[in-house]
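Survey of secondary and tertiary structure
These are the residues of each chain, in order.
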Amino acid sequence: MSKKPAARKKPQVPSPKALAPSPKSRKHVYFFGNGKADGNRNMKDLLGGKGSGLAEMTNAGLPVPPGFTISTDVCNIYYKEKQKIPAAIDREIADHVKQLERTAGATLGSIENPLLVSVRSGAKFSMPGMMDTILNLGLNDESVEGLKNRTKNGRFAFDSYRRFIQMFGNVVLEIPKAAFDHEFDAVKKARGAKIDTDLDEAALREVVQRYKKVVKERARKDFPQHPHLQLTMSRDAVFRSWMNPRAIEYRRIYDIPDHIGTAVNVQMMVFGNTGDRSATGVGFTRSPATGAKEFYGEFLINAQGEDVVSGVRTPQPIRELEQVLPKAYAQLRQITTRLEKHYKDIQDFEFTIQDEHLYMLQTRSGKRTGYAAVVIATDLVAEKLITPKEAILLVDPESLNQLLAPGFDQDEWKSIPTATKGLPASPGAASGQVVFTADHAVEWTAQGKQVILVRRETVPDDIHGMFVAQGILTATGGMTSHAAVVGRQMGKPSIVGAGELEIDEHAKRFRVGAKTVKEGDYISFDGLTGEVKIAQVASKPSEILQALNGTLDRKKSDIYQRFEKLLSWADKVRRLGVYANADLPDQAALAYAFGARGIGLCRTEHMFFGEGRIPIVQRMILADSEADRRAALNELLPLQREDFYGVFKAMRGCPVTIRTIDPPLHEFLPKREDLMVDVARLETAGTSGAELDEKRRLLHRVEQLHEFNPMLGHRGVRLGITYPEITEMQTRAIIEAACRLNKEGVRIAPEIMIPLVGLVKELHDQKAIVDRVAADVMKEQGITIKYLVGTMIEIPRGCLVADQIAREAQFFSFGTNDLTQLTFGFSRDDSGKFLKVYQEKKILEKDPFASIDVEGVGDLVRVGVERGRRGRPGLKLGICGEHGGDAASIHFFHQVGLDYVSASPYRVPVARLAAAHAALSVKVGD
Ligand code: PEP
Ligand code: MG
């Protein structure tokens, strides 16, 4: 990721197809309160996650402060109308304000009984901290006195007012927060106050006056006193925050489309900061880090919601709430248990207790680590709360990668003293060089370094650094602080609240105990235990991998058992077969262990690169005559045969697809430039004889083979056609290995695949060679075995004439890497330079080499499938490009009717789960 690429962008109008219908035709504002709501849980598209959750909780009779949600449609209208809201919608909002005032029994701006509201963003997908929020709206010079009279608490009233002016000034009027902090600190200093709460009402009145002066000077207008104007301006600011750089960046990372927009929730304020019988907190019904079934969360007495999540104060664990406010705690437990049963998933909730009165402010399915996702899904089935099918859908296929990530070697880890401990926010082993800013994290990573981002606390602007870091370590904040939430979501090892760290960001160092750690020093930490060590520590394979490779007893690994159980449920549901791309026997064995039941692509040219083989391959390429070439090929034959035998054996009779050699031949020879230097050096030194002759000969041949566009050059089937003896040798090696295994009792039917076919005659030519050699070998071996001859479909022409090709081919495997390259005309080797810009400019939403371009490349696949099956009913169809391991692409391959996907071994579990998601017809990411 480049350094804050999104910062260069101006707000853009979301795509026209997303624009809402005319403002007249549809309801735009949805009320909730008094046990009844206009919306419900199924309206996330329109009301956002927060809005639909508030509606659902209200309908369920939970204590939710009343309010209304302005729909996501309005956000799109706002951008369409050049950042204006049509009068009709303004009126609809005003009506709902009146309804809210009636329900609350209080009025915005009133001296007698002022209503205060919060204004919050809330998109369909949660984007923690990325957009803006305004609290205490409705306060002005008069209503603040009203609030004081009603609460009999002048300190509280003026503290609320100064917070509101600051938030409004910062978010709506875009005045830097530092301008307010400066005034606040000045008052504190003048009055000798150490902490914020030392300021009394008189001091806070002075702060308010100073803040209003800041607004007047910076914004060149008075702080707006009229609550309706405050509301309109805040609403628009929240809509604008949808297009702020960090929100855009967040959506880019998580593939959230721009056009879905955010809703705005306007809700009656309740206060967790009215005194010691008030509190505010957040929590989870289970641990979001490990999935353990424990009530989990944290709270702060006498605080407002933002204080808990911002990480400024380290909150208390929720257990302690039982001692402090037992009645509210018991009610909270009862409500959250009910919520979990209702939503059939772990809930992440926010609450406020005002004078011992509990209010629920939010509930939603909790974000969790991959580890926790598997534990929770399998536990919920065991608790009979959900079915195995529902459990499959609770786990994002991509998140399984976290379970396969390496951990530390425990012996080494234990031998190093622990420097400090923090809260274990997101599991995983992280080791790297310390950096103190997100920008440095990005710069250093670009230089190939592995970094740990160390911050006092992270803020949403750090997102780009968090994304590239190996791990995140913060000094303050709780388990639900920004660093913890985002770290978990990214599956990034994270430790928060490591309070012993004294960070000096300016001097680029931190102290912990007697030790000083500078930028660039190595540290390591374990996100599962919270231990931090000042050393570089090697990592070792994940528990699951250890269980699979036999270094750990499978029965003793709880997480392995759960992982297997979940994937076995997925296997029962999926229609797509899952194969692996593996070239060597050990890779095939790993793929089999991960659940691949076939090899979809064995790239035989990778075998040529093996130890000691390059000189033989070079001899083959340099050969002047067919006889010399055959002699070199004869040397390669036994080596290839051994490899094939090993791969077949590892796959225990499952289908194995072996592709004949593909890359351009000059890849096997030394670089032209290097040879030129060598020749020049030898000539200058006056050397003559064999060495110089050999170099010259090599250089001559390299120049003969040199290609301007090797990706479009002499590769794939074209090699087999120009040098048929290569296809002969490879066929012989494959069939001999298969005969041997069949004789040993393992029934194996190899599938020989010809690459880069665009003309049916190309395949015809190669198939004739394969059939002839196979017949010869079987005769020699005295055994008849089954084998298939098929082709890769990776050239657009191949898709278009798939019916002709299918008459020759017994199977197709779509090579979506080349098909993407050739469909777009984007070189696989060079497109990295511009594709990033394409994505930043939203010309392309995703990298088409990573996730299939459904509209274009996908359509060619569809044509290839239809025409292929027309040419040969029952034709076996698979895909072996990189897309075979991508969850969204797998969804498409399922839809288009392929028989299997083939992915790299480590992606096989992801593919198994994604194929099950596809079969259950749920769009990945929904
Ligand atoms: C492909 O093109 O999709 C493919 C699998 O082949 P390769 O990546 O080896 O060109
Ligand atoms: Mg290819």
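Please refer to the structure higher up on the page.
The rules behind each value
- Along every chain, residues carry numbers that run from 1 in the direction the sequence is written.
- In the order they appear in the text, chains get letters beginning with A and ligands get numbers beginning with 1.
- Note on the predicted model: pLDDT of at least 70 is required for a residue's local features to be given, and 80 or more for side-chain atom pairs to be given and counted; whole-chain, interface and lining totals, by contrast, use all residues.
- To obtain the side-chain values, all non-hydrogen atoms of the structure were used and water was disregarded.
- By the criteria applied, helices consist of DSSP H or I runs no shorter than four residues and strands consist of E runs no shorter than two, each listed in order from the N terminus.
- The globule rule is 2.2 Å times the number of residues to the power 0.38, and the radius of gyration it is compared with is taken over C-alpha atoms.
- Exposure is judged per residue with a 1.4 Å probe applied to protein chains only, and the accessible area is read against the type maximum: over 50% gives exposed, under 20% gives buried, and values in between give partly exposed.
- Contact between two residues is taken to exist if any of their heavy atoms lie within 4.5 Å; hydrogens are not considered.
- Calculation of accessible area relied on Shrake-Rupley with a 1.4 Å probe; when residues are assessed, cover is drawn exclusively from the protein chains displayed.
- Only four residue types enter the charge count: Lys and Arg as positive, Asp and Glu as negative, with His and the chain ends excluded.
- The atom standing in for a charge is NZ when the residue is Lys, CZ when it is Arg, CG when it is Asp and CD when it is Glu.
- When a carboxyl oxygen of Asp or Glu is within 4 Å of a side-chain nitrogen of Lys or Arg, the pair counts as a salt bridge.
- Strands were regarded as paired on the criterion that DSSP finds at least two bridges between them.
- Interaxial angles span 0 to 180 degrees and are taken between N-to-C directions of axes, which are lines fitted to C-alpha atoms, for helices over the stretch in contact.
- For classification purposes, angles smaller than 35 degrees are called roughly parallel, those larger than 145 roughly antiparallel, those between 65 and 115 roughly perpendicular, and all remaining angles oblique.
- By convention the crossing between two helices is left-handed if the near helix lies anticlockwise of the far one by an angle smaller than a right angle, and right-handed if it lies clockwise.
- Side-chain classes are defined by residue name, with Ala, Val, Leu, Ile, Met, Phe, Trp, Tyr, Cys and Pro counting as nonpolar, Asp, Glu, Lys and Arg as charged, and the others, Gly among them, as polar.
- Counted as donors are N, O and S atoms no farther than 2.8 Å from the metal, or 3.2 Å for Na, K and Ca; water is not among the atoms, and sites may therefore look incomplete.
- The nonpolar core is taken to be a set of buried Ala, Val, Leu, Ile, Met, Phe, Trp, Tyr and Cys residues, with the residues joined through side-chain atoms within 4.5 Å.
- Neighbouring residues are identified by heavy atoms, a residue being near a molecule or strand if any of them is within 4 Å of it.
- Whenever a nitrogen or oxygen atom comes within 3.5 Å of another N or O atom, the pair is scored as a polar contact, on the condition that within protein one atom can donate a hydrogen and the other can accept it, and that pairs from neighbouring residues in sequence are kept only if both atoms are in side chains.
- Definitions used throughout: a 1 Å grid over protein atoms alone; a cavity as a set of points that fits a 1.4 Å probe which cannot get out; a pocket as an open set with protein on both sides within 12 Å along at least five of seven lines; a lining residue as one with an atom within 4 Å of a point.
- Grid points are joined across faces, edges and corners, and a volume is the space filled by probe spheres set on the points.

Glancing now at the overall build of the protein. Scanning the protein for helices and strands turns up 37 helices and 34 strands. A globule of 926 residues ought to have a C-alpha radius of gyration of about 29 Å, and the protein, at 32 Å, matches this closely. The buried share among the 926 residues of the protein stands at 57%. If you take every contact in the protein between residues at least 6 apart in sequence, the share linking residues at least 24 apart comes to 68%. In the structure as shown, the protein presents an accessible area of about 38,300 Å², 50% of it carried by carbon and sulfur atoms. With 127 positive and 117 negative side-chain charges, the protein shows a separation of 4 Å between the mean positions of the two kinds.

Another aspect to go through is the pattern of salt bridges. Applying the stated criterion across every chain, the model contains 58 salt bridges. With its nearest N and O atoms 3.0 Å apart, the salt bridge here joins Asp462 to Arg455. An identical accessibility class is assigned to Asp462 and Arg455; each is buried. Here Asp662 and Arg715 are joined by a salt bridge, their closest N and O atoms 3.0 Å apart. Of this pair, Asp662 sits in the loop between strand E29 (656-659) and helix H26 (672-684) while Arg715 sits in the loop between helix H27 (690-705) and helix H28 (717-722); the two residues are 53 residues apart in sequence, bridging distant segments of the chain. Pair check on accessibility: Asp662 and Arg715 agree, each one buried. One network of salt bridges, with partners in common, ties together Glu605, Arg659, Asp662, Arg715, Asp818 and Arg828.

What follows deals with the sheet that holds strand E15 (residues 420-421). Taken in spatial order, the eight strands of this open sheet run E15-E25-E24-E17-E18-E19-E20-E16, and their pairing is mixed. The open sheet is flanked by E15 and strand E16 (423-426), the only strands paired with a single partner. Bridge count for strand E18 (residues 451-455) against strand E19 (residues 471-474) is four bridges, and the pairing is parallel. Bridge assignment links Arg455 to a residue of E19, and that residue is Thr474.

The next point concerns the sheet that holds strand E12 (residues 347-354). What holds strands together in a sheet is hydrogen bonding between their backbones, with the strands either parallel or antiparallel. Taken in spatial order, the five strands line up as E11-E10-E9-E12-E13 in an open sheet, and their pairing is antiparallel. The open sheet terminates on both sides in strands that have one partner only, identified here as strand E11 (316-317) and strand E13 (357-365). Relative to E13, E12 runs antiparallel, the two being bridged by eight bridges. Paired with Phe351 across the strands is Met360, a residue of E13. Lying on the sheet, helix H12 (residues 326-343) is in contact with E12 and E13; it crosses E13 at an angle near 25°.

Packed helices, taken two at a time, are described by the angle between their axes plus the distance between the axes. Close contact between H26 and H27 brings their axes to 9 Å; oriented N to C, the two are set at 150°. On the basis of the axis angle, H26 is roughly antiparallel to H27. The interaxial crossing formed by H26 with H27 has left-handed handedness. Contact residues: Arg672, Leu675, Met676, Asp678, Val679, Leu682 and Glu683 in H26; Glu691, Leu692, Lys695, Arg696, Leu698, Leu699, Val702 and Glu703 in H27. Here the residues of the contact of H26 with H27 are counted per class, giving eight nonpolar, no polar and seven charged.

Glu794 (OE) and Asp818 (OD) make up the full set of protein donors to the magnesium ion (ligand 2), lying at 2.0 to 2.1 Å. Of the two residues, Glu794 sits in the loop between strand E31 (788-793) and helix H31 (796-800) while Asp818 sits in helix H33 (residues 816-824), which places them 24 residues apart along the sequence. Taken as a pair, Glu794 and Asp818 share a single burial class, namely buried.

A separate point is the nonpolar core. Counting 133 residues, the largest nonpolar core has Phe648, Ile735, Phe812, Phe814 and Leu898 as its most contacted members. Ranked by size, the runner-up nonpolar core spans 93 residues in total, among them Ile134, Ala179, Leu231 and Val451.

This part takes up the site of ligand 1. The immediate surroundings of ligand 1 are formed by 14 residues, with Arg603, Arg659, Gly815, Asn817 and Arg828 found nearest. At 3.4 Å, a backbone N or O of Gly815 approaches an oxygen atom of ligand 1. Thr816 is positioned such that a nitrogen or oxygen atom in its backbone is 3.0 Å from an oxygen atom of ligand 1. Those elements giving two or more residues to the shell around ligand 1 turn out to be strand E28 (599-603) and H33. Of the residues contributing to the shell around ligand 1, the split by class is three nonpolar, four polar and seven charged.

What follows deals with empty space enclosed by the protein. One way to see where empty space is left: roll a probe the size of a water molecule over the atoms. Scanning the model with the defined rule gives two cavities of 30 Å³ or more in all. Reported here for the largest cavity is a volume of approximately 50 Å³. Contributing to the lining of the largest cavity are Arg251, Arg252, Asp255, Ile256, Gln839, Lys842 and Glu845. Its residues assigned to classes, the lining of the largest cavity shows one nonpolar, one polar and five charged. Taken as a whole, the second largest cavity spans an internal volume of roughly 40 Å³. Around the second largest cavity, the lining residues are Met620, Ile621, Arg629, Leu665, Arg701, Tyr723 and Ile726. Looking at the lining of the second largest cavity, its residues break down into five nonpolar, no polar and two charged.

On their own, these measurements won't tell you what the molecule is for.
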